[in-house]
Amino acid sequence: MACLAAPRRGVSERATEQALTFLLAATVAVGVALPFFVHSYLLQMASFALVNVIVAIGLTVLIGQAGQVSLASPSFVAIGAYLVTHLTKVLGLSYWVAMPLSGIGAAAFGAVLGFPALRVRGFYLAIVSLAFLQTTSILIETLQTYTGGVRGISVPRPTIFGSRLTNFDFYFVVLAVTVILFAVARNVSRSPLGRSFRAVHASENVAASQGADVARVKMIAFVFSSFYAGIAGALFAPLIGFIDPLEFGLVTAIHHIVFIIVGGLGSVPGAVYGALTMGVIGELTNGFKEYKELIFNLALLAVLFVIPRGLSGIAASLVKFARRRRGPSAEQTVREV
Amino acid sequence: MSIAIAFQLFIAGLSTGSIYALVALGLALVFKATGILNFAHGEFVTLGAYLGLFASYYFGLTYPPALLVAVLLSALAGLLMEWSVVRPLITAPPFTVVIATLAVGLSVKNILRLSWQENLSTIPGTISHAPIAIGPLSVNPQYLVVIAVSFVLLGMLGLFFKFTSLGIAMRAVSEDQRAARLVGINVELVLMLTFATSAGMAALAGLLLAPLTGVHIEMGWIVVKALVAAVLGGFTSLPGAVVGGLLLGLAEAFCGLFLDGVTRDLGVFGLLIIALLVRPHGLFGRSEARRV
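What counts and what doesn't
- Residues numbered from 1 in each chain as written.
- Chains lettered and ligands numbered in written order.
- Predicted model: local features only at pLDDT ≥ 70, side-chain atom pairs only at ≥ 80, totals over all residues.
- Helix = DSSP H or I, 4+ residues; strand = E, 2+ residues; numbered from the N terminus.
- Buried ≥ 20, exposed ≤ 12 C-beta atoms within 10 Å, placed from the backbone.
- Contact = placed C-beta atoms within 7 Å.
- Rg over C-alpha atoms; globule rule 2.2 N^0.38 Å.
- Nonpolar A, V, L, I, M, F, W, Y, C, P; charged D, E, K, R; others polar.
- Expected span 1.5 Å × (residues − 1).
- Arc of directions from axis to C-beta.
- pLDDT = per-residue confidence, 0-100.
- Axes fitted to C-alpha atoms, helices over the stretch in contact; angles between N-to-C directions.
- Left-handed = near helix turned anticlockwise from the far one by under 90°.
- Core = buried A, V, L, I, M, F, W, Y, C linked by C-beta atoms within 7 Å.

A. Inspection of the overall build of chain B at higher detail. For chain B, the helix and strand inventory stands at 11 helices and two strands. Moving toward the C terminus, one meets the helices and strands of chain B in the order α-α-α-α-β-β-α-α-α-α-α-α-α. When the backbone C-alpha atoms are referred to their principal axes, chain B occupies close to 60 × 55 × 35 Å. Expressed as a percentage of its 292 residues, the buried residues of chain B come to 49%. The long-range fraction of contacts in chain B, counting pairs at least 24 apart against all pairs at least 6 apart in sequence, stands at 75%.

B. Local environment of the overall build of chain A. Helix and strand counts for chain A stand at 15 helices and four strands. Over its C-alpha atoms chain A spans a radius of gyration of 21 Å, differing by no more than 12% from the 20 Å that the globule rule assigns to 337 residues. Overall, chain A is about 65 × 50 × 45 Å in size when its C-alpha atoms are taken along their principal axes. Counting over 337 residues, chain A shows a buried share of 45%.

C. Structural context of helix α8 (residues 192–202) of chain A. Burial in α8(A) covers these residues: Leu193(A), Gly194(A), Arg195(A), Ser196(A), Phe197(A), Ala199(A) and Val200(A). Contact partners of the buried residues in α8(A): α2 (40–65), α7 (167–190), α9 (204–209) and α10 (214–240) of chain A.

D. Quick peek at the interface of chain B and chain A. With 33 residues of chain B in contact, the opposing surface of chain A contributes 31 residues. Elements supplying a minimum of two residues to the side of chain B that touches chain A: α4 (94–115), α9 (222–233) and α11 (261–278) of chain B. Of the residues forming the side of chain B that touches chain A, the biggest block, 12 residues, is contributed by α4(B). Looking at the side of chain B that touches chain A residue by residue, the class counts come to 27 nonpolar, four polar and two charged.

E. Structural context of helix α13 (residues 292–306) of chain A. The end-to-end C-alpha distance of α13(A), which contains 15 residues, comes to 21 Å, matching closely the 21 Å that a straight helix rising 1.5 Å per residue would cover. Phe296(A), Asn297(A), Leu300(A), Leu301(A), Val303(A) and Leu304(A) are the residues of α13(A) that are buried. When α13(A) is viewed along its axis, its buried side chains cluster within an angular range of 160° and face the same direction. Exposed side of α13(A), more than 90 degrees from the buried face: Ala302(A) and Val306(A) are the residues found there. Buried residues along α13(A) sit against α11 (250–263) and α12 (268–285) of chain A together with α4 of chain B.

F. Region of the structure containing the confidence of the model for chain B. Within chain B, residue pLDDT values average 85, and 94% of them lie at 70 or more. Of the two predicted TM-score estimates for the complex, the pTM is 0.84 and the ipTM is 0.82.

G. The arrangement of the packing of α11(A) against α12(A) in detail. Residue and element names in this part refer to chain A. Two elements in contact, α11 and α12, have axes separated by 7 Å at closest approach and are oriented at 115°. In this structure, the crossing between α11 and α12 has a hand that is right-handed. The segment α11 lies against α12, with Val258, Phe259, Ile260, Val262 and Gly263 engaging Gly270, Ala271, Tyr273, Gly274, Ala275, Thr277 and Met278. Classifying every residue of the contact of α11 with α12 gives eight nonpolar, four polar and no charged.

H. Seen up close, the packing of helix α4 (residues 95–117) of chain A against α10(A). Residues and elements named next belong to chain A. Viewed as axis vectors pointing N to C, α4 and α10 meet at an angle of 140°, and their least axial separation amounts to 6 Å. At the point where α4 passes α10, the crossing takes the right-handed sense. Here the contact of α4 with α10 is built from residues that sort into 17 nonpolar, nine polar and one charged.

I. Layout of the nonpolar core. Membership of the largest hydrophobic core comes to 191 residues, with the highest contact counts inside it found for Ile57(A), Val23(B) and Ala24(B). Apart from the residues lying within four places of it in its own chain, the contact partners of Val23(B) are His41(B), Val45(B), Ala202(B), Ala205(B), Ile222(B), Val223(B) and Ala226(B).

J. Layout of the confidence of the model for chain A. Taken as a whole, chain A shows an average pLDDT of 87; of its residues, 93% reach a score of 70 or greater. Here residues 333–337 of chain A is a poorly scored stretch, pLDDT under 50, and it has one contact once near neighbours within four places are set aside; other chains count.

K. Spatial organisation of the environment of Val268(A). Residues and elements named next belong to chain A. Among the secondary structure elements, Val268 is positioned in helix α12. For Val268, a count of 28 C-beta atoms within 10 Å gives the class buried. C-alpha separation for the pair Val268 and Pro74, spaced 194 residues apart in sequence, amounts to 19 Å. Contacts of Val268, omitting those with residues within four sequence positions, involve Ile57, Thr60, Phe182, Ala185, Arg186 and Ser189.

L. Examining the environment of Phe115(A) more closely. All names here are of chain A. Positionally, Phe115 belongs in helix α4. Given 15 C-beta atoms within 10 Å, Phe115 falls into the partly exposed group. As for Phe115 and Leu91, which are separated by 24 residues in sequence, their C-alpha atoms are 30 Å apart.

M. Examining the environment of Ser163(A) more closely. Residue and element names in this part refer to chain A. As for its placement among the helices and strands, Ser163 is situated in strand β3 (residues 163–164). Take Ser163: there are 8 C-beta atoms within 10 Å of it, and that puts it in the exposed class. Each C-alpha atom, one on Ser163 and one on Val200, is 48 Å from the other, the two residues being 37 residues apart in sequence.

The structure is reproduced here in structure tokens:
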């Protein structure tokens, strides 16, 4: 894997990088300031949007970078949610221990889905993941002692030093976890591991010939992405206070994929802004009552027409535009010749 | 298991399976031609059933002409979708196009939900469910209608793809667009007609399904089963999609004998995963060349 060396960056790439860093810093600043300006309902919506951001980050690494199409993301959110509930409610663990444990538990199930991926590819893998998704929703309905079955199960809000966290407090927990997980994913996707994800995506044979252990890389991608989904689930459950098993179906899986398409497939910052954008559109269309869903879907269609390569595609075209203005660099001319 | 029960399960499985086959074939046809998984396909099933319902409710048509009108209008809708959504996005990444078809499908579903308030309706004039006796065996006649219509249509499609110049052109475009263009095929026209054919087949499946399940807004979910069927058959093979559909229908019917509703689906998905692990490209799919 060491042979997959880091690409050299040009001037315009560095400029975009700086602009992006600025944008991310501004976003975090807005995120920190938000609770002091909006009322509780919007704050709750913002927390949900951040949970979606976490799932989207994990998924864009799996689908966009490693090229493993999975529709099973809601299953791992569900596993995280039910695990954290069981660990805190029944086993009496502290939430702060149970949350990371739930992520690890979901990651273990991610490895289970990773096994078929070693043999089955692309489209066929998507169907296997669909079977996994359906199997988990059936198991949720069947294992009533753990999940409450179709009636759902209530989840206690975590406490800190004996006092129960309010929506206001819990928002900051979600925000902090999101920022940490974002930083990790961004670093991973620039590390040799991230490059081997993309190498496996581009061509398994070439990646193998360059020394990447394809099976191991795929497995890591599945474990990584399901850990993110598990943590998202562990945050989601106490946030909403009640787990409804219908939350974890194919519709949710499609929502997750929409986030990363709108953000631009494979881009970690793209996943963040994709999930946030769709959250905002969803909130804006809420006022249209029975026409809400129709307008939401037409808005999605419009977004896809305007930015077919997603939000991160805009950055790429800006770079290209800047290059054209300046004329090709010597390095680029050499590469093209 | 007595012979009579086995026979009834076989008929029931074959009729569900032939509906799956119709939907799966349309899905595979578009996928082969464009490399796009059409997520709106399921909503064309719903659209067909609703258009049939509207034709009989608002215009008083009986079932057969209502069926014809609904299939033609759905085919037109498929054609329009290719022209207005898929073609403008031709240079976009395939994933974007897939999500765009999904958005179209969901919009169609929203419009249907807004235009018809009933949760569950039936199209009047379909034949009765009273079982008819064949010797010691009794079957639901609707099953026989479904099987007959599907098999006739699948046979006609087979002949169409094999012998007519349009059918051959469609297969040529699905094999290799550039080569098809080189031999003088109007690729744009053929793609539009491919989408139209596919949508028409989905609509027909919806209209055949309507007397069995009633017309309701969630009918489009059958596309998930069809997708499973198509993948089971090998997504790059058109006969594979048909065989996959029939096999899935039969597997469901016979699993239903030993397992109840929920665990039945579990059994079917288990079979699918095993099938894919044994043959990663489906039963009839060609494996891609692995050059090293």
